[in-house]
Amino acid sequence: MNSPSNSFAVDVRGLSVRRGPHLALDNVDFTAQRGSITGLLGPSGCGKTTLMRSIVGSQIVESGTVTVLGLPAGTAELRRKVGYVTQSASVYPDLTVTANVAYFASLYGRPRSTVSATIEAVGLTSHARTRADELSGGQLGRVSLACALVGDPELLVLDEPTVGLDPLLRVELWEHFRSLARRGVTVLMSSHVMDEADRCDDLLLLREGRLVAQLTPAKLREQTGEAFLEDAFLRLIRTRTEAQS
Ligand SMILES: Nc1ncnc2c1ncn2[C@@H]1O[C@H](COP(=O)(O)OP(=O)(O)OP(=O)(O)O)[C@@H](O)[C@H]1O
């Protein structure tokens, strides 16, 4: 049986990170349950990317601990278990969509048969034979996502995964994220879109490097009395800022 700490895919305690002269994260604590979808929200520059980088182990931290799937973030064993998709697509421009995804499948030791299903999941079947440098920005982002998905990670960290996608595709991707979560995969994603926040199990609200709150969309509405998440988020920030000053 899992011990309580093992039920967390991510356990962050007292995390502070300095980037340049700024404290990009200031004493952040949060947990993400295995099999949950957590949305990371907050204004530009509030520290979302820094937090994701700390979780995937690519960020030097000043203090605190980041435990991922029971191991310290950045441990070599986690490389196969954690998928990270950044805002800028990292794919081979001179390879086709299929060749890019197949390359990552072989890196992760996954069967070739997973490649076309993964391309289908990101809605790129009709472009499977297109070279990456002939794709649009949104399509490229989806190739990046497919390259992470094909590794079958236990934790998927996504920086604004649905930016620039049409509504239908967004819904289909969300269905995919939900089916992954049902299988026990943990998803942590940043977003500026409140419509996305409503689809998450849990929300982390960040402001100026501090965690303002961790709560469900329903609790956010309940605590603020606002029906729309955008209004609820603003009200919560105002209330907390006033309480601090
Ligand atoms: N390479 C860097 N060197 C110095 N400071 C940085 C660097 N990258 C980010 N920062 C600073 O760290 C803070 C947090 O940045 P971060 O990229 O984590 O924010 P974000 O919430 O992801 O923003 P966005 O939504 O615009 O992507 C900001 O104040 C930013 O100016």
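As the structure is a prediction and not an experimental result, all values here were calculated from the model.

This part is about the UniProt feature "domain: ABC transporter" (unreviewed entry) in the protein. Sites flagged by UniProt as "domain: ABC transporter" (unreviewed entry) map to residues 10-233. For residues 10-233, the helix share is 33%, the strand share is 27%, and the end-to-end C-alpha distance is 23 Å.

This part covers the nonpolar core. By size, the foremost hydrophobic cluster in this structure holds 72 residues, and its most contacted members are Ile55, Val68, Val101, Val143, Ala146 and Val157. For this core, the element with the most residues is helix α4 (residues 137-149), which contributes seven residues. Formed jointly, this core draws a minimum of three residues from each of two domains, domain 1 (1-81 + 154-164 + 172-213) and domain 2 (87-152). Sequence-distant contacts of Val68, defined by excluding residues within four places in its chain, comprise Ala9, Val10, Ile55, Ala73, Leu78, Val82 and Leu155.

Turning our attention to the sheet that holds strand β9 (residues 202-207). Consider a sheet: its strands pair through backbone hydrogen bonds, and that pairing is either parallel or antiparallel. The sheet built from six strands is open, its strands ordered β6-β7-β8-β3-β9-β10 with mixed pairing. Of all strands in the sheet, those bounded by a partner on one side alone are β6 (82-85) and β10 (210-215). Within this sheet the neighbouring strands show an average axis-to-axis angle of 15°, counted without direction. Across five bridges, strand β7 (residues 155-159) lies against strand β8 (residues 186-190) in parallel orientation. Bridged to Leu156 within β8 is Val187. Contacting β3 (37-41), β6, β7, β8 and β9, helix α1 (residues 48-56) crosses the sheet at an angle of about 155° to β7.

Of all nine residues that make up α1, eight are buried, and the element is covered over most of its length. Inspection of α1 places Lys48, Thr50, Leu51, Met52, Arg53, Ser54, Ile55 and Val56 among the buried residues, and these make up the whole buried set.

Inspection of the region around the ligand gives Arg19, Gly20, His22, Ala24, Gly42, Ser44, Gly45, Cys46, Gly47, Lys48, Thr49 and Thr50 as its neighbouring residues. No other element matches the three residues that α1 contributes to the shell around the ligand. For the shell around the ligand, the per-class residue count stands at two nonpolar, eight polar and two charged.

Attention shifts here to the sheet that holds strand β5 (residues 71-72). Across the sheet, four strands lie side by side as β2-β1-β4-β5; this open sheet has antiparallel pairing. A single partner strand is all that each edge strand has here, and the edge strands are β2 (22-33) and β5. Alignment of strand β1 (residues 8-19) against strand β4 (residues 63-68), held across five bridges, turns out to be antiparallel. If you follow Ser16 over to β4, its bridge partner there is Ser63. Relative to β1, α1 is tilted by about 120°, and along the sheet it contacts β1, β2 and β4.

Calculation notes
Residues numbered from 1 in each chain as written. Predicted model: local features only at pLDDT ≥ 70, side-chain atom pairs only at ≥ 80, totals over all residues. UniProt positions renumbered as here; feature names shortened; annotations may be inferred. Helix = DSSP H or I, 4+ residues; strand = E, 2+ residues; numbered from the N terminus. Core = buried A, V, L, I, M, F, W, Y, C linked by C-beta atoms within 7 Å. Buried ≥ 20, exposed ≤ 12 C-beta atoms within 10 Å, placed from the backbone. Domains from an automatic or database assignment. Contact = placed C-beta atoms within 7 Å. Pairing = 2+ DSSP bridges. Axes fitted to C-alpha atoms, helices over the stretch in contact; angles between N-to-C directions. Near = placed C-beta within 6 Å. Nonpolar A, V, L, I, M, F, W, Y, C, P; charged D, E, K, R; others polar.

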